[in-house]
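Overview (structure and organization)
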Number of protein chains: 2
Amino acid sequence: MSRARAALTEGIEVLDEHGQRETIQIPAERPLTVFVDKRELVTLMTLGAEPELLVLGYLRNQRLVDSVHDIESVTVDWEVNAAAVRTRAGIEDFDRKTAKRVVTTGCGQGTVFGSLMDELDALALPGPELARISQRALVVLLEAMRRQESTYRSAGSVHGCALFTIAGDEARLDLFVEDVGRHNAIDTLAGWMWLRGTSGADKAFYTTGRLTSEMVIKSAQMGVPIVVSRSGITQMGHDLATQLGLALFGRATNRHFLCYSGFDRFDGDPTLAKAPAVAPGAGVSGAPGP
Amino acid sequence: MSRARAALTEGIEVLDEHGQRETIQIPAERPLTVFVDKRELVTLMTLGAEPELLVLGYLRNQRLVDSVHDIESVTVDWEVNAAAVRTRAGIEDFDRKTAKRVVTTGCGQGTVFGSLMDELDALALPGPELARISQRALVVLLEAMRRQESTYRSAGSVHGCALFTIAGDEARLDLFVEDVGRHNAIDTLAGWMWLRGTSGADKAFYTTGRLTSEMVIKSAQMGVPIVVSRSGITQMGHDLATQLGLALFGRATNRHFLCYSGFDRFDGDPTLAKAPAVAPGAGVSGAPGP
């Protein structure tokens, strides 16, 4: 696997309402065309922070490759904005798997291949007695996100996504990823987990994005039963989470949150509810450019 | 054209950090499978406010139909979540046009068919001397958005998009649309314009979403040279707008904004810069769930 790197922000000159020119930082965004065994699969627009993990996670979440061991190499070259994936035995039914298109929400029109929806019933998450989160662990998670340095803070307009390991009242940050799109960010986490063969049973996702249908689907696919968002929820996200048994927390910043589903995975402790003194808009508590 | 209607919000029970149960409204979200001459094209996840215009705009912005006159009827039936499009003469090269997939940003993975990118050079907007906006008209536009009643205010988690006609220091709201995805919202505006044969030359778009590559592309496709966003911008959005000559305004709420590109289309008046007294988070000035 290559370790391609590229600048994550660039400066541009803007004009403000006072007629002043200033230079601000904006997030980089570059096309990454994915070739699988020399066949063009898709072009992803990405910040470019973790392109190899993004490609792995994309292949995984689109269910194009069953095992990471089927992948021989992933080589990203920003000179040509291309990711070359080599598989050991090729992808079975490549055409069929990539034929059907279901356009999902999130931005409105994210792509999830059709066969994915058919799998939903097959997804089984660990029960509430095995996978749960306490209010204290949730507060620890949100505090970690509040302190997280990010491209968002310096340039805005990116979504952040993080993977946490939950153990009792502790929440340990495993990986934090940002991208111009939250689908890319969560796919990158998926790639990280897939590469390590990490189970999602004791994990929780954090995302700055809304809890839409495909975020719930991707979490369930990766076996992560708990998802925390700074933002809100849509009906399909709620319906799917209820159906699949995920615990969803939204509007989550500092010590405030709403549990939308999976109440039975949550150990509440209202004594933790009182918010600490935090400067308005401090840390990640401000909402990003949607 | 049918006029299918459906509920835009639904109430769900949530649990807050104080251990209190409450019922909140969340935006509806439903699949709408588009059939063109009985062939399945795509499934859009939508709020469902203006499904017929959404379908028209989607066909238009995906460049699947050249003229609205080629479309005989659009019939949406929420009983089966389907939109039946009948064309007069069928769609030429249907398979080729829908074959290539370029996944763009926004959410990270919105779908824009490949051929669209090839058209970019062909897009020509009216020059700065013909299509421009004054700071006063911009303030009027932002004030209209601040006062706009919306599903976002009652349920959050939706993107808003509006079309304005700019005339001197005036900005007249033509249409305001919300959807779970901002691609859908802007496609719906495109459908409205297409149906009326409206030129974009004297128009400006407002969106709550980020100024990403496909938002710029869609604006240019519709001949709208001015785009205003409450949110920020990504590099591809900036690069394309600069290349295509669009004026982009971001971080725009009340009287504050940043002009990212197309300075030559803007008549600034810094005397309007002083912000009026507005309660924090009032109106649409708060960011939505991205």
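Predicted model, so just to flag it, every value in this text is computed and none were measured.

1. Some details on the packing of aromatic side chains
As enumerated under the stated definition, the model contains 6 aromatic pairs over all chains in all. Judged by centre distance (5.2 Å) and plane angle (65°), the rings of Phe249(A) and Phe266(A) are edge-to-face. In this pair, Phe249(A) sits in strand E14 (residues 247-253) while Phe266(A) sits in strand E16 (residues 266-267), placing the two residues 17 residues apart along the sequence. Assigned by exposure class, Phe249(A) and Phe266(A) land together as buried. Look at Phe249(B) and Phe257(B): their rings are 5.8 Å apart centre to centre, the planes differ by 75°, and that puts the pair in the edge-to-face class. Residue Phe249(B) shares its accessibility class with Phe257(B), and that shared class is buried. Chaining the aromatic ring pairs together yields one cluster made of Phe249(A), Phe257(A) and Phe266(A). Across the ring face of Trp78(A), the terminal group of Arg30(A) is positioned such that the distance to the ring centre comes to 5.3 Å.

2. Topic: the sheet that holds strand E3 (residues 30-36) of chain B
Residues and elements named next belong to chain B. Taken in spatial order, the 4 strands line up as E4-E3-E6-E5 in an open sheet, and their pairing is mixed. In this open sheet, the two edge strands, each paired with only one partner strand, are strand E4 (39-46) and strand E5 (71-77). For this sheet the average axis-to-axis angle between neighbouring strands, irrespective of direction, equals 20°. With 6 bridges joining them, E5 and strand E6 (residues 82-87) adopt antiparallel strand pairing. Counterpart to Val74 in the pairing with E6 is Val85. Against the sheet, helix H1 (residues 51-61) contacts E3, E4, E5 and E6, and its axis sits at roughly 135° relative to E5.

3. Things to note about unusual backbone geometry
Positive phi outside glycine occurs at Arg63(A), with the angle close to 60°. Within the secondary structure layout, Arg63(A) lies in the loop between helix H1 (51-61) and strand E5 (71-77). Residue Arg63(A) is classed as buried on the basis of its relative accessible area of 13%. Here the phi dihedral of Arg251(B) falls at roughly 50°; this positive angle occurs in a residue that is not glycine. Considering the arrangement of structural elements, one finds Arg251(B) in strand E14 (residues 247-253). Take Arg251(B): its relative accessible area is 27%, and that puts it in the partly exposed class.

4. Some points on the pattern of salt bridges
This model, assessed by the stated rule, comprises 20 salt bridges over all chains. The salt bridge partner of Arg3(A) is Glu50(A), with a shortest N-O separation of 3.6 Å. One end of the pair, Arg3(A), is in the segment before strand E1 (9-16); the other, Glu50(A), is in the loop between strand E4 (39-46) and H1, and 47 residues separate them in sequence. Classification of Arg3(A) as exposed rests on a relative accessible area of 56%. Residue Glu50(A) is classed as partly exposed on the basis of its relative accessible area, which comes to 21%. One salt bridge connects Asp267(B) with Arg132(B), and the closest N-O pair in it is separated by 2.5 Å. On the criterion of sequence distance, the pair formed by Asp267(B) in strand E16 (residues 266-267) and Arg132(B) in the loop between helix H3 (115-119) and strand E9 (133-134) is long-range, its members being 135 residues apart.

5. Here we look at the domain arrangement of chain A
All names here are of chain A. Domain assignment breaks chain A into domain 1 (9-122) and domain 2 (133-274). If you look at the interface, domain 1 gives 35 residues, while domain 2 gives 31 residues. Together domain 1 and domain 2 conceal approximately 2600 Å² of surface at their shared face, both sides included; 65% is due to carbon and sulfur atoms. For the interface between domain 1 and domain 2, the tally reads 0 salt bridges. A class-by-class count of the residues in the side of domain 1 that touches domain 2 yields 19 nonpolar, 9 polar and 7 charged.

6. As for the environment of Asp264(B)
By secondary structure assignment, the location of Asp264(B) is in the loop between strand E15 (256-261) and E16. When residues no more than four places from it in sequence are discounted, the contact partners of Asp264(B) are Pro128(B) and Arg132(B).

7. Quick word on the side chain of Arg146(A)
Residue position: Arg146(A) is located in helix H4 (residues 135-147). Within polar-contact distance, the side chain of Arg146(A) engages the side chain of Glu143(A) at 2.9 Å.

8. Comments concerning the packing of H1(A) against helix H6 (residues 182-196) of chain A
All names here are of chain A. Closest axis-to-axis distance for the H1/H6 pair is 6 Å, and the angle between their directions is 90°. Classed by the angle they form, the pair H1 and H6 counts as roughly perpendicular. Of the residues in H6, those in contact with Leu53, Leu54, Leu56, Gly57, Tyr58, Arg60 and Asn61 of H1 are Asn184, Ile186, Asp187, Thr188, Ala190, Gly191, Trp192, Trp194 and Leu195. When grouped by side-chain class, the residues that make up the contact of H1 with H6 number 9 nonpolar, 5 polar and 2 charged.

9. Considering the sheet that holds E4(A)
Residue and element names in this part refer to chain A. The strand order across the open sheet built from 4 strands is E4-E3-E6-E5, with neighbouring strands paired in mixed fashion. Looking along the sheet, the strands with just one partner apiece sit at the ends: E4 and E5. Neighbouring strand axes in the sheet, compared pairwise and without regard to direction, differ in orientation by 20° on average. Bridge analysis of strand E3 (residues 30-36) against E4 gives 7 bridges, and the strand direction is antiparallel. Opposite Phe35, over in E4, you have Glu40 as the bridge partner.

10. Re the pairing of strand E1 (residues 9-16) of chain B
Pairing of strand E15 (residues 256-261) of chain A with E1(B) involves 2 bridges; the strand directions are antiparallel. Bridging from a neighbouring strand, Leu258(A) pairs with Asp16(B) of E1(B). With 7 bridges connecting them, E1(B) and strand E2 (residues 21-27) of chain B associate as antiparallel partners. If you follow Glu13(B) over to E2(B), its bridge partner there is Thr23(B). Connecting the antiparallel pair E1(B) and E2(B) is a turn made up of 4 residues, with Gly19(B) showing a positive phi of about 80°.

11. Points about the state of the cysteines
According to the stated counting rule, one finds 0 disulfides over all chains in the structure shown. The closest cysteine sulfur to the non-disulfide-bonded Cys259(B) is located on Cys161(B), 18 Å from its own sulfur.

What counts, and at which threshold
- Residues numbered from 1 in each chain as written.
- Chains lettered and ligands numbered in written order.
- Predicted model: local features only at pLDDT ≥ 70, side-chain atom pairs only at ≥ 80, totals over all residues.
- Heavy atoms only, no water.
- Phe/Tyr/Trp six-rings, centres within 6.5 Å; stacked < 30°, edge-to-face > 60°.
- Helix = DSSP H or I, 4+ residues; strand = E, 2+ residues; numbered from the N terminus.
- Buried < 20%, exposed > 50% of the residue type's maximum accessible area, 1.4 Å probe, protein only.
- Lys NZ or Arg CZ within 6 Å of the ring centre and 35° of its normal.
- Pairing = 2+ DSSP bridges.
- Axes fitted to C-alpha atoms, helices over the stretch in contact; angles between N-to-C directions.
- Contact = heavy atoms within 4.5 Å.
- Salt bridge = Lys/Arg side-chain N within 4 Å of Asp/Glu carboxyl O.
- Domains from an automatic or database assignment.
- Buried area = accessible area lost by both parts, 1.4 Å probe.
- Nonpolar A, V, L, I, M, F, W, Y, C, P; charged D, E, K, R; others polar.
- Polar contact = N/O pair within 3.5 Å; in protein donor to acceptor, adjacent residues only side chain to side chain.
- Parallel < 35°, antiparallel > 145°, perpendicular 65-115°, else oblique.
- Disulfide = S-S within 2.5 Å.

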